[in-house]
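Residues per chain are reported as follows:
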Amino acid sequence: MKPYSSQRGATLIVVMIMLLAITVLGTLAIKKGLISLNIATNSQAQQLLMQNSDAAFFNVEREANLIQSLSSSGMFGYINGAVNKDKELVFCFVGEEKEFFDINRASLMVWEAAKAAPTNNTLGMAGYCSVAATTGNFFTSGRKAVMTQIAVKFSSQSDNDPFYGMQYGTDEKGVKFEKNKPVKVFAVSIMPTLTTAKSADIDACLNAHMNEVTIPSGTTVATNSVFRQSVTDCLAGLNIPFSSQVTEYMIAQDFI
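Residues numbered from 1 in each chain as written. Predicted model: local features only at pLDDT ≥ 70, side-chain atom pairs only at ≥ 80, totals over all residues. Heavy atoms only, no water.

Within the protein, the regular secondary structure consists of five helices and five strands. Order of helices (α) and strands (β) in the protein, N terminus to C terminus: α-α-β-β-β-α-β-α-α-β. Here the analysis covers contacts within the protein between residues at least 6 apart in sequence; of these, 67% occur between residues at least 24 apart. Entry remark: accessible area of the protein is about 15,400 Å², with carbon and sulfur atoms responsible for 58%. (Helix = DSSP H or I, 4+ residues; strand = E, 2+ residues; numbered from the N terminus. Contact = heavy atoms within 4.5 Å. Areas by Shrake-Rupley, 256 points an atom, 1.4 Å probe, with all protein chains shown as cover.)

Structural data, given as structure tokens:
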């Protein structure tokens, strides 16, 4: 029979092993729970970002907004012309505003010939969403979780196809139909609260980069220039949660 003191020491070792096992199992359970929570949070964030971008396109396609959009001060009409090709008309989708688009709350971004970076202040800077702003609300809803920035562009890329935009069965010279005009609408939604990036850096992505980088022919830009990055390239580089959607519409004449 073992001495009492020896038995007491063995019990202590068994208890310590059991405590260690419980600690390890508890740590693994907490870690798994945090991973599951992180996955759930990311999924919810992406869903919320997509919903806000979808809401923007719903307003673009809303019948009540189309007439104003095609007017000379509308989101399509204002840059509908050969001299405005490759310019991006940018505005922040603010949910509390009565009008979806207002030319007074829009900015114009264009890469001018011989310039090393896009010009972003032709119409002022009011159109860009801002995280750093201390006044005004640039969020799409009162929850102040998501910002959505819209850009409209008549791209010159379609010019590479001479028949692009022609109406089937018509002759442009004989019938005098205006060519269909393809226009791209970009919607980029971000969640500033889920990132550690500086507000000024996020704002720079939104107000200093084009959605579709178009460098004028004959203009030389360094291959490592940050301005070769699109808005989404810039946001991805800062690890900012975002959603980007692009829809191309065709503006055409219609006779009843």
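Moving on, there is more to tell.
Grouped together as the largest cluster of nonpolar side chains are 20 residues, with contacts concentrated most on Met75, Phe91, Val152 and Val185. At the level of elements, α1 (4–61), β1 (88–92), β2 (106–109), β3 (147–153) and β4 (181–190) are the ones that each hand at least two residues to this core. When near neighbours in sequence (up to four residues on either side) are disregarded, Phe91 contacts Met75, Phe100, Phe101, Arg105, Ala106, Gly127, Thr148, Gln149, Ile150 and Val152. (Core = buried A, V, L, I, M, F, W, Y, C linked by side-chain atoms within 4.5 Å. Buried < 20%, exposed > 50% of the residue type's maximum accessible area, 1.4 Å probe, protein only.)

Turning next to the pattern of salt bridges. Using the criterion set out here, one finds five salt bridges in the structure. Salt-bridge contacts for Arg105 lead to Glu97; the nearest nitrogen and oxygen are separated by 4.0 Å. You can call Glu97 partly exposed: its relative accessible area is 36%. Ionic pairing is found between Glu112 and Lys115, a salt bridge with its closest N-O pair at 2.8 Å. Using a relative accessible area of 37% as the deciding quantity, one classes Lys115 as partly exposed. Through salt bridges with shared partners, one network takes in Glu88, Lys153, Lys184 and Glu212. (Salt bridge = Lys/Arg side-chain N within 4 Å of Asp/Glu carboxyl O.)

With that settled, consider the pairing of β3. For β3, the buried fraction is high: seven of the seven residues fall into the buried class. Of the two faces of β3, both are covered, the one formed by Met147, Gln149, Ala151 and Lys153 as well as the one formed by Thr148, Ile150 and Val152. Both β1 and β3 contribute to a ladder of five bridges, which runs antiparallel. Bridge pairing in β3 links Leu89 to Val152. Bridge count for β3 against β4 is seven bridges, and the pairing is antiparallel. Directly across from Ala151, in β4, lies its bridge partner Phe186. (Pairing = 2+ DSSP bridges.)

Take the environment of His209 next. As for its placement among the helices and strands, His209 is situated in the loop between α4 (199–208) and α5 (231–237). Relative accessible area serves as the criterion here: at 6%, His209 is assigned to the buried category. It is 9.2 Å that separates the C-alpha atoms of His209 and Asp233, two residues lying 24 residues apart in sequence. Once you skip the residues sitting within four places of it in the chain, His209 turns out to touch Met109, Ala204, Val226, Phe227, Gln229, Ser230, Val231 and Cys234. From its side chain, His209 meets the backbone oxygen of Val226 in a polar contact 3.5 Å long. In terms of polar contacts, His209 uses its side chain to reach the backbone carbonyl oxygen of Gln229, at 2.9 Å. (Polar contact = N/O pair within 3.5 Å; in protein donor to acceptor, adjacent residues only side chain to side chain.)

Shape descriptors only; they carry no functional weight alone.
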